[in-house]
Amino acid sequence: MRGSEMYHYRMRRLVDDLMRVLVWLALVVALIPLFSILGEVFSKGVPHLNVDVLISPMPTVGEQGGGIGNAIQGTLITIFLASIMGVPLGVLSGILLSEYGEFKLSSAVRFFNDVLSGFPSIVIGIFSYTVIVTSIGFSVMAAAFALAIIMVPIITRTTEEALKIVPLTVREAALALGIPRWKTLIYIVIRGAKRGIVTGILLAIARVAGESAPILITMGYWRWWFSGLNKPVANLALNIYLFAISPFDNWRNLAWVSALTLTAMILIINVFLRIFTKEKYI
Amino acid sequence: MMGHPYKFEVEKLDAYFGARKVLSNINMKIRDKAVTAIIGPSGCGKTTLLRCLNRMHEIIPGARVHGKVLFNGVNIYDDEIDPVTIRRKIGMVFQKPNPFPMMSIYDNVAIGLKLNGVRERKKLDSAVERALKMANLWDEVKNDLQRSGASLSGGQQQRLCIARALAVEPEAILMDEPCSALDPIATEKIESLIRNLAEEYAVIIVTHNMQQAARVSDFTAFLYLGELIEYGSTRELFENPKNPLTEKYITGRFG
Ligand SMILES: Nc1ncnc2c1ncn2[C@@H]1O[C@H](COP(=O)(O)OP(=O)(O)O)[C@@H](O)[C@H]1O
Ligand SMILES: [Mg+2]
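The rules behind each value
Residues numbered from 1 in each chain as written. Chains lettered and ligands numbered in written order. Predicted model: local features only at pLDDT ≥ 70, side-chain atom pairs only at ≥ 80, totals over all residues. Heavy atoms only, no water. Helix = DSSP H or I, 4+ residues; strand = E, 2+ residues; numbered from the N terminus. Rg over C-alpha atoms; globule rule 2.2 N^0.38 Å. Buried < 20%, exposed > 50% of the residue type's maximum accessible area, 1.4 Å probe, protein only. Contact = heavy atoms within 4.5 Å. Lys, Arg positive; Asp, Glu negative; His and termini not counted. Charge placed at Lys NZ, Arg CZ, Asp CG, Glu CD. Areas by Shrake-Rupley, 256 points an atom, 1.4 Å probe, with all protein chains shown as cover. Buried area = accessible area lost by both parts, 1.4 Å probe. Salt bridge = Lys/Arg side-chain N within 4 Å of Asp/Glu carboxyl O. Polar contact = N/O pair within 3.5 Å; in protein donor to acceptor, adjacent residues only side chain to side chain. Core = buried A, V, L, I, M, F, W, Y, C linked by side-chain atoms within 4.5 Å. Pairing = 2+ DSSP bridges. Axes fitted to C-alpha atoms, helices over the stretch in contact; angles between N-to-C directions.

(A) Up close: the overall build of chain A. Of regular secondary structure, chain A possesses 11 helices and zero strands. For chain A, the N- to C-terminal ordering of α and β elements is α-α-α-α-α-α-α-α-α-α-α. Rg of the C-alpha trace for chain A: 24 Å, well past the compact-globule value of 19 Å for 282 residues, more than 25% over. Reported as C-alpha extents along the three principal axes, the dimensions of chain A are approximately 80 × 65 × 35 Å. A burial count over chain A gives 43% of its 282 residues as buried. Long-range contacts, defined here as pairs at least 24 residues apart, represent 75% of the contacts in chain A between residues at least 6 apart. Here chain A holds 23 positive side-chain charges and 15 negative ones, and the gap between their average locations is 5 Å.

(B) Spotlight on the overall build of chain B. On a plain count of helices and strands, chain B comes out with 10 helices and 10 strands. At 18 Å, chain B has a C-alpha radius of gyration in line with the 18 Å of a compact globule built from 255 residues. Dimensions along the principal axes, computed over C-alpha positions, put chain B at roughly 55 × 45 × 35 Å. The buried share of chain B, reckoned over its 255 residues, is 55%. Contacts in chain B between residues far apart in sequence, at least 24 positions, make up 67% of those at least 6 positions apart. Summing over all exposed atoms, chain B offers an accessible surface of approximately 11,200 Å²; the carbon and sulfur share of this is 48%. For chain B, the distance from the average site of its 34 positive side-chain charges to the average site of its 31 negative ones is 2 Å.

(C) Expanded view of the interface of chain B and chain A. In this assembly, 29 residues from chain B lie in contact with 22 residues from chain A. When the area that chain B buries against chain A is broken down by residue, the three leading residues are Phe100, Met102 and Leu115 of chain B, summing to 35%. Our count for the contact surface shared by chain B and chain A stands at two salt bridges. When the shortest N-O distance is used, the salt bridge between glutamate 172 of chain A and arginine 51 of chain B registers 2.8 Å. Connecting chain B to chain A are six residue pairs in polar contact (both at pLDDT 80 or more). Counting residues per element, the ones that place at least two in the side of chain B that touches chain A are helix H2 (83-89), strand S6 (90-93), helix H3 (105-114) and helix H6 (154-167) of chain B.

(D) How the structure looks around the nonpolar core. Of all hydrophobic cores here, the largest spans 143 residues; its most connected members are Ile188 of chain A together with Phe8, Phe100, Leu132, Ile162 and Leu197 of chain B. Ranked by residue count, the leading element in this core is helix H8 (residues 181-209) of chain A, at 12 residues. Setting aside its immediate chain neighbours within four residues, leucine 197 of chain B contacts Met134, Ile162, Leu166, Met175 and Val203 of chain B.

(E) Examining the sheet that holds strand S3 (residues 35-39) of chain B more closely. All names here are of chain B. With mixed pairing, six strands are arranged side by side in an open sheet as S6-S7-S8-S3-S9-S10. A single partner strand is all that each edge strand has here, and the edge strands are S6 and strand S10 (227-233). Neighbour-to-neighbour, the strand axes of the sheet open up by a mean angle of 15°, direction not taken into account. Across six bridges, strand S9 (residues 219-224) lies against S10 in antiparallel orientation. Within the sheet, the bridge partner assigned to threonine 220 lies in S10 and is glycine 232. Running at roughly 150° to strand S8 (residues 202-206), helix H7 (residues 184-197) makes contact with S3, strand S7 (172-176) and S8 of the sheet.

Spelled out as C-alpha cells, the structure:
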C-alpha cells in the first residue's frame, strides 16, 4: 500500500473503532436505568413476597400483615374489562381501515385514531370521569372505559399494519378459488395477519397494565375485593402510589411487592409476545 | 359441456382500466383438453385477457369488461351469473407463488374445499393427496404435510399453488407466467406438469417466453397492444406466421 492509502486506511479503522466504542457506551448508559430499576424492585420486593401477601387483601391502618391479593384481582379484572371493550373495537377499526378502502370516513377515522393515540392518558381519564364517573360514580367500569380508550388506537394501528402486510396476490388467490370476500378476509387474510394482530393486542394490554393516571381519576379508593362493576376495585399501580407515601412500614413494603408484581405481569406479557412472534408458520 | 367443442368462446371482448381500453375486440375460441398459450410483449394485455376469463379482472377498482366470454356455452358475464361460482370452476395460478401465509401445506390445499363446506376428514385427506399428486409435489412433501407452505422452495410453492387450484376440481386452469420467478429446473417440472394437466383440463398459459410457448402449447395466441393479432396451432404460428407482426415478434425483432 502507498503511504496515503495507508493513512486513509488507519483513519478509517480509527473512526470505526471510535464509533463502536460509542455505540457500546450508549447501550450501557441506556441499560443502567433499566437494570437499576429492576434490581431495586426485585431486592426491595422479593424479601416481602410470600403466598400470604399475594392472596390477602390490603391491611387497614395499624393492622399488621395484609397483602395485595385484592389489587391483583382488581388489576386483572380491570384489564379484562378494558380488553372486552377495546380489543373488538380496535381490531374492527383496523380491519375497516385496511380492507374497506372504499369506506368514505376512513381518513377521518385514521386521523381521529392518530390524535387519540397522542393524547395524554390523564386527559382520557378526565373524559371517562365526565362520561362514566358522573353517572355511576367511581368504579372499575369507569377505569376500564378509560383504559379501553387508550387501547383502541394502539390495536387499530397494529391491526391495520398487520393486515396490509398480507399481499394483494394472496387475497387474489383466495378469490380465484371461488372463496367469497368475507370468508377470504376472515379465514385467510386475518389468519395471515394473526400474529401481528395479537402482538398489537398484547402491546396494548402491557401498555394499560401499568397505567396509573387515568385510574387515579376514575377508580376511587377501595381496599376490599371486587364487589360489582359499579364499584371500584383495588389496583396495583394505585397501590404503589397509596402505599409508598404512607407512614407505615408494612404498607411501604407492600408498595414494593405491588411494584414487583406489576413488573412481573408486564414481563410475562412480553414473554408471550416473544413466543407469539416466533411461531412456526412464517 | 355436450355440444360445445370449445371450453371458452371469447366474443367481441373489450377490457378497460377506468377510461383506458387495454383489450379491444378479442375473439377467440379455446379448446378443452389442450394447452393454449398467450404470448406478446409486456403490457400488451395478456394478464388482463386471462383475468377476463374467470372474472378476476373486475375485482380491481374501475376495471370493466364489454362483450362476452362463453364458458361451456354460457356467458359468464350474464347478469344472473355469480362470479364466485365461475371462479370456483376455473382455477388460476399466478405469476409469483402465493401460498396462504400462516398455513400448513395440507391446509393450503384443503382450504378451498373447507371454505366451500367440505368437512369430512377422509374426503379432505384424499382430495389433498390427489391434488398434490397431480401437481407432482406429493413425494416431496408427503412426510410433513403440517409444515408451513411458505417454507417450501419457490418451485415447490408454485406447484403447491397448482395443487391448491386443482383441489377444488376446476374445469379449466389459467396460468399467468407461472415460471417467470423460477429457475430452469423448477420451470421444467412445471412445464411437464402442464402437459399432464392438458389431458384433463383446458389449460391457458400466459408467457412472454416464446420457447416455452413452443414447448408446451397446442395453440398460441399472439397479442399486441391489446389486440389479438394471430391465433392458431402453435406449430403453424411459429413455423408459418401469417401476420408480419407475429413474425417480427417470434423472430425476436421486437418486444
Ligand atoms: N391495475 C391496473 N390499473 C391500471 N392499468 C393497468 C393495471 N394493470 C395493468 N394495467 C395496464 O393494462 C395494460 C395491460 O396490462 P397486462 O394485461 O398486465 O399486460 P401483460 O400481462 O401483457 O404484461 C398495460 O398497459 C398496463 O399498464
Ligand atoms: Mg402480465
